[in-house]
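Structure at a glance
The chain contents come next:
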Amino acid sequence: MPDPIFSDLYRDTEHLVWPPTEQVRRRGRQRTRRTQIAAGLATVVAVGVVASGVALARPDVAPPPVPPATVEPTTPAPTPTPSSTPSAEPSASGTPTPDRTTGGPAAAIGGGPTSRAPSRTIPAAAMLQLADLPTGFTMQTGRVEGDWSVEFIASLCVNESPTLADGQVATRSVAFDSPTDWVVQRVTRHSGTSATTVMKNLRKLVTGCEMEQPGDSLSIMAESLGGDDGVLVGSEVGGRPGRWLVVRQGDLVAQLRLDSQTTPTEARRTARTVANRLCAGTDTC
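To keep things clear, this report deals only with the structure shown in the data block. Here the structure is a predicted model, which means the values were calculated and not measured. (Residues numbered from 1 in each chain as written. Predicted model: local features only at pLDDT ≥ 70, side-chain atom pairs only at ≥ 80, totals over all residues. Heavy atoms only, no water.)

**Comments concerning the state of the cysteines**
- Here the structure, examined in full by the defined rule, presents two disulfides.
- Covalently, Cys-157 is tied to Cys-209 through a disulfide, its sulfur atoms 1.9 Å apart. Residues Cys-157 and Cys-209 are joined by a disulfide whose S-S torsion is about -100 degrees; by sign, that bridge is left-handed. Residue Cys-157 is found in the loop between helix H3 (150-154) and strand E2 (168-177), and its partner Cys-209 is found in the loop between helix H4 (194-208) and strand E4 (217-223); the two are separated by 52 residues along the sequence.
- Given the relative accessible area of 15%, Cys-209 is considered buried.
- The disulfide partner of Cys-279 is Cys-285, and the gap between their sulfur atoms is 1.9 Å. Across the disulfide from Cys-279 to Cys-285, rotation about the S-S bond amounts to roughly -100 degrees, and the bridge is consequently left-handed. (Disulfide = S-S within 2.5 Å. Helix = DSSP H or I, 4+ residues; strand = E, 2+ residues; numbered from the N terminus. Buried < 20%, exposed > 50% of the residue type's maximum accessible area, 1.4 Å probe, protein only.)

**Let's talk about the side chain of Asp-181**
- Topologically, Asp-181 is positioned in the loop between E2 and strand E3 (182-190).
- Residues contacting Asp-181, with those up to four places away along its chain left out, are Phe-137, Phe-176, Arg-257 and Asp-259. (Contact = heavy atoms within 4.5 Å.)

**Some remarks on the pattern of salt bridges**
- Inspection of every chain in the model, using the stated rule, returns seven salt bridges.
- Between Arg-277 and Asp-132 there is a salt bridge, with its nearest N and O atoms 2.9 Å apart. Of this pair, Arg-277 sits in helix H5 (residues 264-278) while Asp-132 sits in the loop between helix H2 (21-57) and strand E1 (138-140), and the two are 145 residues apart along the sequence.
- Residue Asp-132 is classed as partly exposed on the basis of its relative accessible area of 26%.
- Residue Glu-151 pairs with Arg-186 through a salt bridge whose shortest N-O separation is 2.9 Å. Pair noted here: Glu-151 is in helix H3 and Arg-186 is in strand E3, with a separation of 35 residues, a long-range link.
- On the basis of relative accessibility, which here comes to 28%, the residue Glu-151 falls in the partly exposed class.
- Each member of the salt-bridge network shares a partner with another, and the members are Arg-203, Glu-223 and Asp-229. (Salt bridge = Lys/Arg side-chain N within 4 Å of Asp/Glu carboxyl O.)

**Structural notes on the layout of surface pockets**
- There is about 420 Å³ of room inside the largest pocket.
- If you trace the largest pocket, you find 17 residues lining it, with Leu-133, Pro-134, Leu-258, Glu-266 and Thr-270 closest to the centre.
- Of all the elements in the fold, those that place two or more residues in the lining of the largest pocket are strand E7 (252-258) and H5.
- At four residues, the largest contribution of residues to the lining of the largest pocket is made by H5.
- Residue classes in the lining of the largest pocket are distributed as seven nonpolar, five polar and five charged. (1 Å grid on protein atoms, 1.4 Å probe; cavity = no way out; pocket = protein on both sides within 12 Å on 5 of 7 lines; lining within 4 Å. Points joined across faces, edges and corners; volume = space filled by probe spheres on them. Nonpolar A, V, L, I, M, F, W, Y, C, P; charged D, E, K, R; others polar.)

**Examining empty space enclosed by the protein**
- Per the counting criterion, the structure on display carries one cavity of 30 Å³ or more.
- Considering only enclosed or pocket space, the largest cavity measures out at about 80 Å³ in volume.
- Forming the boundary of the largest cavity are Glu-151, Leu-164, Arg-186, Thr-188, His-190, Val-198, Leu-202, Val-246, Val-253 and Gln-255.
- Mapped by element, the contributors of at least two residues to the lining of the largest cavity are E3, H4 and E7.

**Digging into H5**
- Between its first and last C-alpha, H5 extends 20 Å over 15 residues, near the 21 Å set by a 1.5 Å rise per residue.
- Among all positions of H5, only Ala-267, Ala-271, Val-274, Ala-275 and Leu-278 are buried. The arc that holds the buried residues of H5, viewed along the axis, is 100 degrees, so those residues lie on one side. Among the exposed residues of H5, those oriented more than 90 degrees off its buried face are Thr-265, Arg-269 and Asn-276. (Expected span 1.5 Å × (residues − 1). Arc of directions from axis to C-beta.)

**Observations regarding the sheet that holds E7**
- Strand order in the open sheet formed by seven strands is E1-E2-E3-E7-E6-E5-E4, and the pairing between neighbours is antiparallel. Whereas interior strands pair on both sides, the edge strands pair on one side only; in this sheet they are E1 and E4. Here the strands of the sheet are splayed against their neighbours by 25 degrees on average, with no regard to which way each runs.
- Where E4 meets strand E5 (residues 229-237), six bridges bridge the pair, whose relative direction is antiparallel. Each residue of the ladder has a partner; that of Leu-218, found in E5, is Ser-235.
- Relative to strand E6 (residues 240-249), H5 is tilted by about 35 degrees, and along the sheet it contacts E3, E4, E5, E6 and E7. (Pairing = 2+ DSSP bridges. Axes fitted to C-alpha atoms, helices over the stretch in contact; angles between N-to-C directions.)

These figures come from the coordinates and say nothing about function on their own.
Shown next as structure tokens:
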């Protein structure tokens, strides 16, 4: 009598249709390839996780440092004298920097030789002082505000005006009040030969201005007034006159709003005073 196990097996498989041998082999090969691919992907993921874990666990790990650029040797900076006090005037970036009275030898900006390094500050001594003005004026404290500059008048020109801030690296302003007048001064420092470019742009701005309203005007009233360059600008807007004095000394450019009736002769005297004050902030005097 047949074994019961084989009898059951025969009964269960009697009507089965077995696939051809080649088809069975092909399915086996496909299953093997899928298993190998899955294993390879798992390995890649594991390596990525380990690498990420190392990077997160070691935030101090950084690429090798880049070799420093070659720097030409410079002459050591001279030791500051007791009278050389650093300026507290902030630079264009807002960070206080040393005054022009310190630093090593360097070529002057916009002029001849110098024994001090270029600066991004403007010392208070380079600005107009109360002693330079008639009696009755007081120095205004706080920030100088108001639409008083040549640039504001240029906004009334229908054509585009050239910039007066070319290469600007620092600025400082001061204002003086009197019962009958208001004098404002802004001094800017410019890199390289940009201060000379600013004066050229000023002339282009004034002579090329096409005013919006008929009868309004902007003109150059006088030149060569003092310093390395000095220009008196006059305007007539809405029947009201205006006067601005612009003086360059080295890499510094001073712009002043003057009394609306200032004459070229009066402007010349003021320009000389302004230029002398600017010498406290530049080595080109």
